[in-house]
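# Topology and contacts: notes
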Amino acid sequence: MTHKRERHILKQLKKTLSFWPVVCVVGARQVGKSTLLRGLPGYKYKSLDDDALRALAVSSPKSILQDRCIIDEAQKAPDIFDAVKLSVDEAKRPGRYLLTGSVRFSKRTLIRESLTGRAKTLQLFPFTGAEIFSLPLAYRFGAKTGEPRVSRGEFLKQVASGGMPAAFAIRSASERASYWSALIESYVHRDLLMAMVGRPDPRLALAILKAVAEVLAMGEQPTLSRILKKTMGSRTKVVRHIDALVDMMILCRLPHWGSSSAKDVYIPFDTGLFLALLRVTGIDHDKAVMRAALRITLLKEAQAQIQYAGQEQDLYYAESPSGETLDLILDGKGSKRAYQLSIEAVPHAYATRYAESWATAEKGVVTILSSTAETVRTRGADIRPWETMV
């Protein structure tokens, strides 16, 4: 059963519809796009998951268009984008079409050309902590963070459950595992076909996802070189499949601060996926697994809050030559903020040296998110509870 919650993207979506003739809402399969948009007042909902409607959209895309309509899973009939382009060029009124998809449209060449200058894209993420706990939208990655709004126990339960609408409230570990098994099967055997040009290899895609999860669970960085080593695949083929998984939004590419793309890392979009790939049901049996799950949650919360609050930030991570990590860096509007995760309540001084040196060199601000029960202010950084991010 899909659990309904107020989605914080709605305010930004309505604002965008008032300015742009075409708005695209993308997100990984089953993050809640269809549920969100079926309830949008004043719009006619049409899904290309319907075989008859998809056949009509393929043979005569113009025939299914009407003002103020939603075309769900639009990538299943690529010619629909040219039809939308021609319609918008005749009358460029705001809010005419809302297109959704489980693949980033901007990454598909023909679609990108059709929508250039005519569309704004928003991404829907799995439930944030605030959405799960029915809290108002608050941007928790700015200068004024505030105190935690949920308890430690509630937060860790959310981290272990992930944020997929159909799965986060499932109490049975075996039922949740079955859900993720079926969804992963769908990702690599069905959705991959939509995201790749050429012949996809579902076994390689699954091997890549498992490699990412296993490297994270070892406390290491899932870079391309590490994924190649784990999968033993050819570089060209592995890169093509990684790009497709990023286009499907089930992996997120996170660039390294000030380095080449060789140090980019790939992070699962939800902790539920991460734990399912490892075939574990909790996060408290292993410190590296817990830290990786916290990192996935931190990235998702930052991405979603930036999008829903209308912020503009570029996201990075950083790692020193000796392996000390800044898990997330936000760079935008002349300010730089970095976040470092710690399992210990008050990490030893040697663990924060890199964070402090980065803050000095970049004139940035560092926050350490730890198991502390309350905020501790030090000379180099504030130490805040993990749950502050929600």
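Scroll up a little and you will see the structure.
Described in the following lines is the structure provided in the data block. Remember, predicted model here, so these are calculated numbers, not experimental data.

The rules behind the values
Residues numbered from 1 in each chain as written. Predicted model: local features only at pLDDT ≥ 70, side-chain atom pairs only at ≥ 80, totals over all residues. Heavy atoms only, no water. Salt bridge = Lys/Arg side-chain N within 4 Å of Asp/Glu carboxyl O. Helix = DSSP H or I, 4+ residues; strand = E, 2+ residues; numbered from the N terminus. Buried < 20%, exposed > 50% of the residue type's maximum accessible area, 1.4 Å probe, protein only. Pairing = 2+ DSSP bridges. Axes fitted to C-alpha atoms, helices over the stretch in contact; angles between N-to-C directions. Contact = heavy atoms within 4.5 Å. Polar contact = N/O pair within 3.5 Å; in protein donor to acceptor, adjacent residues only side chain to side chain. Core = buried A, V, L, I, M, F, W, Y, C linked by side-chain atoms within 4.5 Å. Phe/Tyr/Trp six-rings, centres within 6.5 Å; stacked < 30°, edge-to-face > 60°. Lys NZ or Arg CZ within 6 Å of the ring centre and 35° of its normal. Expected span 1.5 Å × (residues − 1). Bend = angle between axes of the 7 residues up to and from the residue.

Below, the discussion takes up the pattern of salt bridges. With the rule as written, the count across this model stands at 19 salt bridges. Between D49 and K76 there is a salt bridge; the shortest N-O distance is 2.3 Å. In this pair, D49 sits in the loop between β2 (44-47) and α3 (51-59) while K76 sits in the loop between β3 (69-72) and α4 (79-90), placing the two residues 27 residues apart along the sequence. Classification of D49 by relative accessible area gives partly exposed; the value is 38%. In this structure, K287 and E344 form a salt bridge, with 3.9 Å as the shortest nitrogen-oxygen distance. Linking K287 in helix α13 (residues 287-308) with E344 in the loop between β10 (335-341) and α14 (353-362), this pair joins segments that are 57 residues apart in sequence.

To continue, consider unusual backbone geometry. In this structure, R68 takes a positive phi of about 55° despite not being glycine. By the element assignment, R68 lies in the loop between α3 and β3. For R68, a relative accessible area of 39% gives the class partly exposed. With phi around 55°, K363 is a residue other than glycine that occupies positive phi space. Classification of K363 by relative accessible area gives exposed; the value is 74%.

Another aspect to go through is the sheet that holds strand β1 (residues 22-26). The five strands are arranged β2-β3-β4-β1-β5 in an open sheet whose pairing can be described as parallel. The open sheet terminates on both sides in strands that have one partner only, identified here as β2 and β5 (119-123). Pairs of neighbouring strands in the sheet enclose a mean axial angle of 20°, with direction left out of account. Relative to β3, β2 runs parallel, the two sharing four bridges. Bridge pairing in β3 links K44 to C69. The sheet contacts of α4 involve β1 and β4 (97-101), and relative to β4 the element is tilted by about 160°.

A separate point is the environment of D49. Each C-alpha atom, one on D49 and one on S259, is 42 Å from the other, the two residues being 210 residues apart in sequence. Polar contacts involving the side chain of D49 include one to the side chain of K76, which spans 2.3 Å.

As a further point, take the nonpolar core. Within the largest apolar cluster, 115 residues are counted, with the highest numbers of intra-cluster contacts made by L99 and F274. Top element by residues in this core is α13. It accounts for twelve residues. Excluding its chain neighbours within four sequence positions, the residues that come into contact with L99 are V22, V23, C24, V25, I71, A74, F81, V84 and F105. Listed in part, the 13 residues of the second largest apolar core include L326, A355, V366 and A381.

In the structure shown here, the tally under the stated rule is ten aromatic pairs. Between W180 and F269, the ring centres sit 6.4 Å apart and the planes meet at 65°, which makes this aromatic pair edge-to-face. Pair noted here: W180 is in helix α8 (residues 173-195) and F269 is in the loop between β7 (265-268) and α12 (271-278), with a separation of 89 residues, a long-range link. Like W180, the residue F269 is buried in the burial classification. Grouped by ring-pair contacts, the aromatic residues Y179, W180, Y187 and F269 constitute a single cluster. Positioned above the aromatic ring of Y317 is the side chain of R295, whose terminal nitrogen or guanidinium carbon lies 5.5 Å from the ring centre.

Structurally, S259 is set in the loop between β6 (251-254) and β7. Taking relative accessible area as the criterion, S259 reaches 35% and is therefore assigned partly exposed. Separated by 59 residues in sequence, S259 and A318 have C-alpha atoms that sit 8.8 Å apart.

Before going further, it helps to spend a moment on α8. With 23 residues, α8 should cover 33 Å at 1.5 Å per step; its first-to-last C-alpha distance of 31 Å lies within 8% of that length. The largest bend in α8 is about 40°, located at Y187. Those residues of α8 that are buried lie in contact with α7 (152-161), α9 (202-217), α11 (235-247) and α12.

Read across the open sheet, the six strands follow the order β8-β9-β10-β11-β13-β12; overall the sheet is mixed. A strand with exactly one partner marks an edge of an open sheet, and here the two such strands are β8 (314-319) and β12 (376-377). Bridge count between strand β9 (residues 325-332) and β10: five bridges; the pairing is antiparallel. Residue L328 lies in a different strand from β10, and its bridge partner there is Y339. Its contacts with the sheet put α13 on β8, β9, β10 and β11 (365-370), and the angle it makes with β9 is roughly 5°.

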